[in-house]
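Commentary on secondary and tertiary structure
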Amino acid sequence: MRIVIKVGTSTLTHKTGNLNIRHVEKLCRVMSDLKNAGHELILVSSGAIGMGVGKLGLTEKPKDVPTKQAAAAIGQCELMYVYDKEFSEYGHIIAQILLTGSDLDNETRSQNFHNTLNRLLELNVLPVINENDTIATDEISVGDNDTLSAIVAVEAKADLLILLSDIKGLYTDDPHKNTDAKLIDKVYEITEEIEALGGGAGSSLGTGGMQTKIKAAKMCMENHIDMVITDGNDPEALYDIADGRLIGTHFYGKR
Ligand code: GLU
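First, a word on what this report is: a plain description of the structure on this page.

Of the regular secondary structure elements, the chain holds 10 helices and 10 strands. For the chain, whose C-alpha radius of gyration is 17 Å, the value lies close to the compact-globule estimate of 18 Å for 255 residues. A principal-axis box enclosing the C-alpha atoms of the chain has dimensions of 40 × 40 × 40 Å. Counting every position in the chain, which comprises 255 residues, the buried fraction comes to 51%. Contacts spanning at least 24 positions in sequence make up 71% of the contacts within the chain whose residues lie at least 6 apart.

Right, here's the structure in full:
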């Protein structure tokens with residue numbers, strides 16, 4: 001199976017912005033094993049800004065654009081260093097691809113992205129993709145990695161997109177506020193009711209929230225790709241999902 005896995009800042013880092021070593025080690029081990037089992041994987045990873053914040057010892061995510069971009073430049077290095085170290089342990093080669101919305105809107109650049117991505121997969125390399133935050137301001141950015149990962153899944157003609165998040169899936173209400181909120185395990189159509197469950201709110205260092213995840217699901221389903229939202233605290237769930245077991249919320253796009 002060709003699977004795009006998106007991991008959010010809240011899974012990769014602690015609230016301090018420092019690396020969550022336990023999560024990252026587990027994620028890389030499970031992904032390496034899935035690659036060993038023959039799956040083609042693409043990782044869309046957030047965490048550049050968060051890790052930059054951690055490394056600089058800042059107390060919160062910067063609000064001004066130049067500091068945010070500086071934090072991303074610092075954190076992206078750290079992020080790739082960590083992935084390279086972890087995946088190398090299991091003999092896997094990684095490659096960095098940084099994109100902006102305007103790259104994807106431009107026919108030539110988007111074709112080049114497409115060619116590189118496919119060549120990397122043929123070479124059995126694991127592409128690690130993020131927004132190019134150091135140059136992407138609001139006007140030219142994709143804006144969040146939920147959307148970016150859906151674009152990548154469509155571009156790569158993936159079978160499945162898995163969003164590893166700080167929440168188990170889509171709930172009937174905000175589970176942080178309403179203890180009666182129930183997990184919705186299957187979604188066959190993005191109805192107005194589902195869209196209304198989007199709300200706002202993401203984590204303090206990340207960008208997306210449920211709204212961007214539902215938008216990503218819509219994009220995947222329109223392109224006949226399945227999407228799963230699951231808890232990033234448990235990367236082992238990737239085994240179950242790859243084996244077709246129902247975990248988190250599964251959006252059905254395949255026909
Ligand atoms: N590209 C951002 C980063 O790496 C994250 C965007 C997102 O959280 O959706 O820090």
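Attention now moves to the packing of helix 7 (residues 145-155) against helix 9 (residues 210-222). Packing of helix 7 against helix 9 leaves a shortest axis separation of 8 Å and a crossing angle of 10 degrees. Our classification of the angle between helix 7 and helix 9 gives roughly parallel. Contacts from D146, T147, A150, I151 and V154 in helix 7 reach T212, K213, K215, A216, M219 and C220 in helix 9. For the contact of helix 7 with helix 9, the class distribution of residues is six nonpolar, two polar and three charged.

Evaluation of the coordinates by the stated rule reveals 13 salt bridges. Note that R119 and E122 form a salt bridge whose closest N and O atoms lie 2.5 Å from each other. Within this pair, R119 and its partner E122 are both found in helix 6 (residues 107-122), separated by three residues, close to a single helical turn. Judged by its relative accessible area of 58%, E122 falls in the exposed class. A single salt-bridge network, built from bridges that share partners, covers K6, D146 and K213.

Turning next to unusual backbone geometry. Of note in the backbone geometry, K157 takes a positive phi value of approximately 50 degrees without being a glycine. If you trace the backbone, K157 turns up in the loop between helix 7 and strand 5 (160-165). Phi is positive for H224, close to 60 degrees, though the residue is something other than glycine. For H224, the location among the structural elements is in the loop between helix 9 and strand 9 (226-231).

Turning next to the sheet that holds strand 1 (residues 2-7). By definition, the strands of a sheet pair up through backbone hydrogen bonds, in either a parallel or an antiparallel sense. Pairing is mixed across the open sheet formed by eight strands, whose spatial order is 3-4-2-1-5-9-10-8. This sheet does not close on itself; its edge strands, each paired only once, are strand 3 (94-99) and strand 8 (186-187). Lying on the sheet, helix 2 (residues 21-36) is in contact with strand 1, strand 2 (40-45), strand 4 (126-131) and strand 5; it crosses strand 2 at an angle near 155 degrees.

This brings us to helix 7. Taken across its 11 residues, helix 7 has eight buried, putting it largely inside the fold. N145, D146, T147, L148, S149, A150, V152 and A153 are the residues of helix 7 that are buried. Taking the backbone nitrogen of D146 as reference, a side-chain oxygen 3.0 Å away marks D144 as the first, capping residue of helix 7. Of the residues trailing helix 7, K157 is marked for its positive phi of about 50 degrees.

All right, on to helix 2 then. Between its terminal C-alpha atoms helix 2 stretches 22 Å, which fits the 22 Å expected from 16 residues at 1.5 Å a residue. Where helix 2 is concerned, the buried positions are H23, V24, L27, C28, V30, M31, S32, L34 and K35. G38 sits one or two residues past helix 2 and shows a positive phi near 105 degrees.

Reading the values: rules and limits
Residues numbered from 1 in each chain as written. Predicted model: local features only at pLDDT ≥ 70, side-chain atom pairs only at ≥ 80, totals over all residues. Heavy atoms only, no water. Helix = DSSP H or I, 4+ residues; strand = E, 2+ residues; numbered from the N terminus. Rg over C-alpha atoms; globule rule 2.2 N^0.38 Å. Buried < 20%, exposed > 50% of the residue type's maximum accessible area, 1.4 Å probe, protein only. Contact = heavy atoms within 4.5 Å. Axes fitted to C-alpha atoms, helices over the stretch in contact; angles between N-to-C directions. Parallel < 35°, antiparallel > 145°, perpendicular 65-115°, else oblique. Nonpolar A, V, L, I, M, F, W, Y, C, P; charged D, E, K, R; others polar. Salt bridge = Lys/Arg side-chain N within 4 Å of Asp/Glu carboxyl O. Pairing = 2+ DSSP bridges. Polar contact = N/O pair within 3.5 Å; in protein donor to acceptor, adjacent residues only side chain to side chain. Expected span 1.5 Å × (residues − 1).

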